[in-house]
Every structure is written in structure tokens, then in C-alpha cells.
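The primary structure of each chain is shown beneath.
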Amino acid sequence: MAAIAQRTVTQAGVATKASRKEVVAVRAVAQPRQGSVAGAFTSSPSAVAARRSVVAKAAAAVEAPAKPVTKSSQYELFTLTTWLLKEEMKGTIDGELATVISSVALACKQISSLVNRAGISNLTGVAGNQNVQGEDQKKLDVVSNEVFKNCLASCGRTGIIASEEEDQPVAVEETYSGNYIVVFDPLDGSSNIDAGISVGSIFGIYEPSEECPLDAMDDPQKMMEQCVMNVCQPGSRLKCAGYCLYSSSTVLVITIGNGVFGFTMDPLIGEFVLTHPNVRIPEVGKIYSFNEGNYAMWDESVRAYMDSLKDPSKWGGKPYSARYIGSLVGDFHRTLLYGGIYGYPGDKKNKNGKLRLLYECAPMSFIAEQAGGLGSTGVERVLDVNPEKVHQRVPLFIGSKKEVEYLESFTKKH
Ligand code: AHG
Ligand code: MN
Ligand code: MN
């Protein structure tokens, strides 16, 4: 962990744990360094202009119909790297974002291998600590978090990271340019790990907010508040979101705002190969994925909705089917491909449910929308929720457009 300064920013904007020395560490991150292409958090006029030009090109690219992927030879491979290069050429992303995405893909490859061998290399079971949310960390939660942090630090284009397994957002010391903010759940569904059942990683990438140019600030405390604000952006500002499923195959699904693309890892060459170009979620799908064990604690509107799905007379004699892995990545991936709805409602004990806005609900909702589906809290679009804190939870209903709208016809009444 030498490359990363810990406890450099706080959620409440108050430097509770940060000593004077640590404040200086944050300052070092926020000042341009010699030899860097642009200082950390820099929003110089040329950087802003370059970003605007990328955004303009991206808007044009989004309007253009997606071209089919054509191969000139049966041996031609269309890999994640090929895709990133083509998107960079089109102007959808810049080279810095492509570098960050590549480093996330590298982390996913490494985690895939660790998950695969967990039973052999003594990586099953608990680590013996709890994270800041009071959850018991599995050994693989801790290791996967390290893998993500190392990959993101060494790419040199990440400014701040926020992870399920970190108390606070963490500033990356060694950064050369870009300063993207990466939020992630390094290992999702980790309670499944010891049984060899599907797990995943989820990530989202933001640009530092241009309203808070940190390099212009002298007051260290103010700067920390701004660091936190930079992390806490609504999902509508995501530049990229994705997840990696570690299952019978390892599949990386990603969006940069012009559709959803899925890449399957070919273990023989160690590359992600494009297997799911331009994924579209079916508009309807008669599968629901909820932890129904919580039924008695749900709100009346969600219970009425659930009762209706199970009433054969409403659906031509065949009610909805239930499927629930208990791993958001696995359950969402099935929903994306087959259609249906995934839900984690609030309940009497936990008003906002269990799933975290920043690194679970927002990235998945960006993917769902880009595939033609929806992500809702039951009363509003997930991507419109303004985060107030890093580990904030929100109810989540996500999947096929018509299915989420049907759920909302119950939950929006109350
Ligand atoms: P994590 O392992 O990252 O803490 O996430 C677990 C989440 C999510 O993957 C899953 O959908 C949900 O918890 C399952 O919760 P229940 O066991 O309450 O159904
Ligand atoms: Mn999770
Ligand atoms: Mn997790």
C-alpha cells in the first residue's frame, strides 16, 4: 500500500483523523508536479477544451447508428483493447480514460484468477475484520480491494478512489494526469464465495467535478471537503460504468455512454474478447429476483406488487418465475440478458435497503439505461439521486423498462 495515502479525505468534510502531516499529503496530491502532463485535479483551459471536444465528438458518435463489428479474417480478434482504441479514435473517450479502463480490466483478470483458485490457495473464509459498514470482510474482499487499488494507482490516471472496503475516499499519490475518480465494489456477493457460486466486481468512473478546481485552493480543510464532493456525484455524471462476472466464464460488461458491450475472457490468451456487442435488455421479462425472505418487512406497496407477480390469473395462467443468487452482479447479468427485474427494496429495519448508491446502484443503473432498461429507487431515477455520503444506501429496482415501470405503478402511488 505504499503508493496510496490513506485517510486523506473525510466524508463529513472534517479532518477527524487527518494529522497535519496527512493534510500535507493531500496537498501534494492536489498540486501540479514537475514532469506530470497535468497536475492532479487540474482543470486547465486546454484540458477543459480537450474534454469538451471529446464530449462533442461523443455526442456525434452516440447519434450515429452502431456499426456491426466486421472481421477480415477468421483469426482476427476483437478484444477490449481493440474496442478501446476504436472508441478513442471516434472520440467517445480520451486516452486517459482508456488507460483507467484498461487498469480496471487488469484488476478483474487478477481477481478472476484469485476467485478461481480460492479453495486451493487458502483464500476462502473470513479475514477477521469488519468494514466501516459493519460487515464481516472475507479474505477475498480484502485481497480484491488491494488488487483494485494497486492497478488503479499504477496506471497513473486515477486521482481519488472510493471502495466498499475503505472507510473514506482515498487519494492516489502517484498520478500523472487525468485524475479520474473511480468508485468500486471489489468483490460483490462475497458471501457466495466459499460455495463456488458466481461473484463479481462493480465499478464507476467520474471526472473530477469542474465546479471544484482543487488546485486553486489554499485551505487544506476546504480542499478535503471538495475531495469528498468530487467523489459524491450523481450517477448521471458517470463517464463509464461496468461490472465483471466471475462465473462459468469471466465476463466484463461495460458502458461509456454509447450502448453496452460485453467481453468474455479467453483464458487461453488472457484477453477479454468482444462477445456481446450492443447489448439490449428485453423490454419485458417474466423473471423476478428479490430476497423474498424479507417480504414481511417490506412496505405494503412492494408486497402488493410481489403478490401480483405470483397471481396466475393476471398473467394468462403462468405467473412470474423467481431466480435469486444473492450476488447482484450475477442476478443483474441474467436480468440484462434474459429480461425481468431485480429488486432490493427498503424494509422496516433498513429504510434504504442494503445496496450502496455510489458503487453498486448507480453503475448498474447506468448500464441498465444504456441497454434500454431502467434503474429506479421506486420513486425516482437512481442516476438522479445526489449522494450525501460515500456508503449511502438506496432501494434498487432495475431491469426491463416495462417491468420497472410496472413496479413503480405500485410504489409511486404511496
Ligand atoms: P457485497 O458482497 O458486496 O457486500 O454485496 C452483497 C449484496 C449483493 O451482491 C446482493 O445482491 C445482496 O447483497 C444480497 O443480499 P441478501 O443476502 O440480503 O439477499
Ligand atoms: Mn456488493
Ligand atoms: Mn463487496
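Here, the structure is the one placed above.
In this report, we go over the structure that sits alongside the text.

Conventions adopted
Residues numbered from 1 in each chain as written. Chains lettered and ligands numbered in written order. Predicted model: local features only at pLDDT ≥ 70, side-chain atom pairs only at ≥ 80, totals over all residues. Helix = DSSP H or I, 4+ residues; strand = E, 2+ residues; numbered from the N terminus. Buried ≥ 20, exposed ≤ 12 C-beta atoms within 10 Å, placed from the backbone. Pairing = 2+ DSSP bridges. Axes fitted to C-alpha atoms, helices over the stretch in contact; angles between N-to-C directions. Parallel < 35°, antiparallel > 145°, perpendicular 65-115°, else oblique. Left-handed = near helix turned anticlockwise from the far one by under 90°. Contact = placed C-beta atoms within 7 Å. Nonpolar A, V, L, I, M, F, W, Y, C, P; charged D, E, K, R; others polar. Core = buried A, V, L, I, M, F, W, Y, C linked by C-beta atoms within 7 Å. Domains from an automatic or database assignment.

Structural notes on the overall build of the protein chain
When you go through the protein chain residue by residue, the secondary structure sums to 10 helices and 16 strands. Out of the 414 residues belonging to the protein chain, those deemed buried represent 49%.

Here's the deal with the pairing of strand 9 (residues 250–255)
Taken across its six residues, strand 9 has six buried, putting it largely inside the fold. Side-chain alternation along strand 9 places Thr250, Leu252 and Ile254 on one buried face and Val251, Val253 and Thr255 on a second face that is also buried. From the end of strand 8 (residues 240–246) to the start of strand 9, which pair antiparallel, there are three residues. In this sheet, strand 10 (residues 260–266) lies alongside strand 9 in antiparallel orientation, the contact comprising five bridges. Within strand 10, the position partnered with valine 253 by the bridge is glycine 262.

Quick look at the packing of helix 4 (residues 95–116) against helix 5 (residues 139–155)
Where helix 4 contacts helix 5, the two axes come as close as 9 Å, and the packing angle between them is 150°. One finds that helix 4 runs roughly antiparallel with respect to helix 5. Crossing of helix 4 against helix 5: the hand is right-handed. Between helix 4, through Thr99, Val100, Ser103, Val104, Leu106, Ala107, Gln110, Ile111, Leu114 and Val115, and helix 5, the contact on the second element is made entirely by Leu140, Val143, Ser144, Val147, Phe148, Cys151, Leu152 and Cys155. Looking at the contact of helix 4 with helix 5 residue by residue, the classes come out as 14 nonpolar, four polar and no charged.

Examining the nonpolar core
Grouped together as the largest cluster of nonpolar side chains are 102 residues, with contacts concentrated most on Ile160, Val182, Val183, Ile205, Val231 and Leu252. For this core, the element with the highest residue contribution is helix 4, accounting for 10 residues. The two domains that each donate at least three residues to this core are domain 2 (80–276) and domain 3 (287–411). Those residues in contact with isoleucine 160, other than ones at most four positions away along the chain, are Pro169, Val170, Ala171, Val172, Ile181, Cys227, Asn230 and Val231.

Let's talk about the environment of isoleucine 160
As for its placement among the helices and strands, isoleucine 160 is situated in strand 4 (residues 158–163). On the basis of neighbour count, isoleucine 160 is assigned to the buried category, with 27 C-beta atoms found within 10 Å. Distance from isoleucine 160 to isoleucine 181, taken between C-alpha atoms, is 4.9 Å for residues 21 residues apart in sequence.

With respect to the sheet that holds strand 12 (residues 287–289)
Pairing is mixed in the open sheet, where five strands are placed in the order 13-12-14-16-15. With one partner strand each, in any of the chains shown, strand 13 (321–322) and strand 15 (374–376) form the two edges of the open sheet. Examined bridge by bridge, strand 15 and strand 16 (residues 396–399) share three bridges and lie antiparallel to one another. Residue leucine 374 lies in a different strand from strand 16, and its bridge partner there is glycine 399. Across the sheet, helix 8 (residues 328–338) touches strand 12, strand 14 (341–344) and strand 16, and the angle it forms with strand 14 is around 150°. Seen against the sheet, helix 9 (residues 357–370) touches strand 15 and strand 16 and runs at an angle of roughly 150° to strand 15.

As for unusual backbone geometry
Here the phi dihedral of asparagine 122 falls at roughly 60°; this positive angle occurs in a residue that is not glycine. With respect to the helices and strands, the residue asparagine 122 is situated in the loop between helix 4 and strand 2 (126–130). Phi angles above zero are rare outside glycine, and asparagine 278 is one such case at about 50°. Along the chain, asparagine 278 falls in the loop between strand 11 (271–276) and strand 12.

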